[in-house]
Amino acid sequence: MTASLEVLSVEKKIEDFLLGPINLTLEAGTVTALVGNNGAGKSTLLKTIMQLARQDMGEIIVFGSNTNQDDESWKKQIAYQPQTLMGCDSFTGNELKVLFSKWYPNWDDNWFGNMVDTFEIPMNKKYGKLSQGNQQKLLASLTLSKNAQLLILDEPTAHMDIVSKRKYTDFLIEWMEREEKTIFISTHQMEDIRKLADYLIFINRGQMAGKFEKDKLAQQYKRFWLAEDLPPVSIPGEIERKGLRTVTTHLPIEAEAYFLKAGINWHAEEYIGLEEAVTYLLK
Ligand SMILES: Nc1ncnc2c1ncn2[C@@H]1O[C@H](COP(=O)(O)OP(=O)(O)OP(=O)(O)O)[C@@H](O)[C@H]1O
């Protein structure tokens, strides 16, 4: 597989916040969700990838080009959606469309028209006067219509209503099916993760806290309901116990072996599912 993006030992200090060192690779044709609590460094990482904040250490490679150079043609291969669009408040949606379609050589006018019609965005209203949700929908339409190979999205559905979120996810799925596209999406929405992601990258206080295949993550944590009381010592991989007889582990095979050896019986066991696994990893 070819890499769309490589982040190699990247560090960035902003006042007392240190991001990194971050090492990650996004394979072409995959969707990776960037997950972390508020202030973990997700936006900072995405801005650093876009060179809106230049890293202090390390290298970022986009489709084989090092981003740390005067030639910024690598940016044409990325459609980046920040949380807010700065400096565009006085432009209407129609005016922004004209500007964006000139800047981006692969601009897809049909796709744009379809998105703004679906979202029912008032295109003659100035961007600054749109509701936050409509601003985000317009921004999403402008971003996807650039038709770039790599999509970098910073919490793209944070202000959207429930119906729009669903429509947007459908657009992303359709967009992924067109060619070998890659998506890196920072999100707090379980629905985005469940429906879109192949991989999850966790970030905690500026540090990478792990990369997981989504389908494997859902099968990694198991809860056991025991027929007798738990021992006072932790069992293998124990992450939580409730009462005296319910325990959750991230090492289910080792835990099972431990119970068998210790002669502890259990009457039920269950994988905890994706949402709870993500919550444990974010704690
Ligand atoms: N311009 C700045 N000046 C000072 N500190 C900053 C600046 N930008 C970000 N930070 C700090 O960097 C840290 C990471 O912020 P960042 O916005 O990257 O987090 P995040 O994971 O995107 O959070 P959220 O989920 O709340 O959007 C925070 O402690 C934040 O206060």
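Residues numbered from 1 in each chain as written. Predicted model: local features only at pLDDT ≥ 70, side-chain atom pairs only at ≥ 80, totals over all residues.

- Under an unreviewed UniProt entry, the name given to the protein is ABC transporter ATP-binding protein, and the organism recorded is Peribacillus castrilensis.

1. Structural notes on the site of the ligand
Part 1 of the reasoning: The environment of the ligand is formed by I14, E15, F17, G36, N38, G39, A40, G41, K42, S43 and T44.
Part 2 of the reasoning: Class assignment of the residues belonging to the shell around the ligand gives a composition of three nonpolar, six polar and two charged. (Near = placed C-beta within 6 Å. Nonpolar A, V, L, I, M, F, W, Y, C, P; charged D, E, K, R; others polar.)

2. Overview of the UniProt feature "domain: ABC transporter" (unreviewed entry) in the protein
Part 1 of the reasoning: Mapped onto the present numbering, the UniProt feature "domain: ABC transporter" (unreviewed entry) falls on residues 3–230.
Part 2 of the reasoning: In residues 3–230, the share of helix is 32% and the share of strand is 30%. The end C-alpha atoms are 46 Å apart. (UniProt positions renumbered as here; feature names shortened; annotations may be inferred. Helix = DSSP H or I, 4+ residues; strand = E, 2+ residues; numbered from the N terminus.)

3. Examining the domain arrangement of the protein
Part 1 of the reasoning: Per the domain assignment, the segments of the protein are domain 1 (3–216) and domain 2 (218–282).
Part 2 of the reasoning: The gap between the C-alpha centroids of domain 1 and domain 2 is 37 Å.
Part 3 of the reasoning: At the junction of the two partners, domain 1 supplies 11 residues and domain 2 supplies eight residues.
Part 4 of the reasoning: Residue assignment for the side of domain 1 that touches domain 2 shows that the elements contributing at least two residues are α6 (190–196), β10 (207–213) and α7 (214–217).
Part 5 of the reasoning: Taken together, the residues of the side of domain 1 that touches domain 2 sort by class into five nonpolar, two polar and four charged. (Domains from an automatic or database assignment. Contact = placed C-beta atoms within 7 Å.)

4. Brief notes about the sheet that holds strand β8 (residues 182–186)
Backbone-to-backbone hydrogen bonds pair the strands of a sheet. The strands run either parallel or antiparallel.
Part 1 of the reasoning: Taken together, the six strands give an open sheet; going across it, the order is β6-β7-β8-β3-β9-β10, and neighbouring strands pair in mixed fashion. Of all strands in the sheet, those bounded by a partner on one side alone are β6 (78–81) and β10. With strand direction ignored, the average angle separating the axes of adjacent strands in the sheet is 15°.
Part 2 of the reasoning: Most of the contacts of helix α1 (residues 42–49) go to strand β7 (residues 150–154), to which it runs at about 145°, and overall it touches β3 (31–35), β7, β8 and β9 (199–204). (Pairing = 2+ DSSP bridges. Axes fitted to C-alpha atoms, helices over the stretch in contact; angles between N-to-C directions.)

5. A word on the sheet that holds strand β5 (residues 65–66)
Part 1 of the reasoning: Pairing is antiparallel in the open sheet, where four strands are placed in the order β2-β1-β4-β5. The open sheet has two edge strands with one neighbour each: β2 (17–27) and β5.
Part 2 of the reasoning: Bridge count for strand β1 (residues 3–14) against β2 is eight bridges, and the pairing is antiparallel. Each residue of the ladder has a partner; that of V7, found in β2, is L24.

6. Quick word on the packing of helix α3 (residues 109–119) against helix α4 (residues 132–145)
Part 1 of the reasoning: Running from amino to carboxyl end, α3 crosses α4 at an angle of 160°, the nearest separation of the two axes being 9 Å. Between α3 and α4, the crossing angle belongs to the class labelled roughly antiparallel. Both α3 and α4 take part in a crossing whose hand is right-handed. Judged by residue contacts, W111, F112, M115, V116 and F119 of α3 engage K137, S141, L144 and S145 from α4.
Part 2 of the reasoning: For the contact of α3 with α4, the residue count by class is six nonpolar, two polar and one charged. (Parallel < 35°, antiparallel > 145°, perpendicular 65-115°, else oblique. Left-handed = near helix turned anticlockwise from the far one by under 90°.)

7. Quick notes on the pairing of strand β14 (residues 266–271)
Part 1 of the reasoning: Counted residue by residue, β14 has zero buried out of six residues, so it is predominantly exposed.
Part 2 of the reasoning: Here strand β11 (residues 222–226) pairs with β14 via five bridges, running antiparallel. Bridge pairing in β14 places R223 opposite E270. (Buried ≥ 20, exposed ≤ 12 C-beta atoms within 10 Å, placed from the backbone.)

8. Notes on the packing of α4 against helix α5 (residues 162–178)
Part 1 of the reasoning: Interaxial distance between α4 and α5 falls to 12 Å at its minimum, and their mutual angle equals 5°. The angle between the axes of α4 and α5 places the two elements in the roughly parallel class. Between α4, through G133, K137, A140 and L144, and α5, the contact on the second element is made entirely by S164, Y168, F171 and W175.
Part 2 of the reasoning: For the contact of α4 with α5, the per-class residue count stands at five nonpolar, two polar and one charged.

9. So, the environment of Y221
Part 1 of the reasoning: With respect to the helices, strands and loops of the structure, Y221 is situated in the loop between α7 and β11.
Part 2 of the reasoning: C-beta crowding within 10 Å serves as the criterion here: with 23 such atoms nearby, Y221 is assigned to the buried category.
Part 3 of the reasoning: A sequence separation of 16 residues divides Y221 from G237, and the C-alpha atoms of the two residues are 9.2 Å apart.
Part 4 of the reasoning: Setting aside residues up to four positions removed in sequence, Y221 forms contacts with T248, H250, Y271, I272, E276, A277 and Y280.

10. Considering unusual backbone geometry
Part 1 of the reasoning: At the junction of G20 and P21, the peptide bond is cis and its omega measures out at 5° in the coordinates.
Part 2 of the reasoning: For F63, which is not glycine, the phi dihedral falls at a positive 45°.
Part 3 of the reasoning: Along the chain, F63 turns up in the loop between β4 (57–62) and β5.
Part 4 of the reasoning: According to the C-beta neighbour criterion, F63 is partly exposed, with 16 such atoms within 10 Å.
Part 5 of the reasoning: Within the chain, E120 stands out as a residue other than glycine whose phi angle is a positive 55°.

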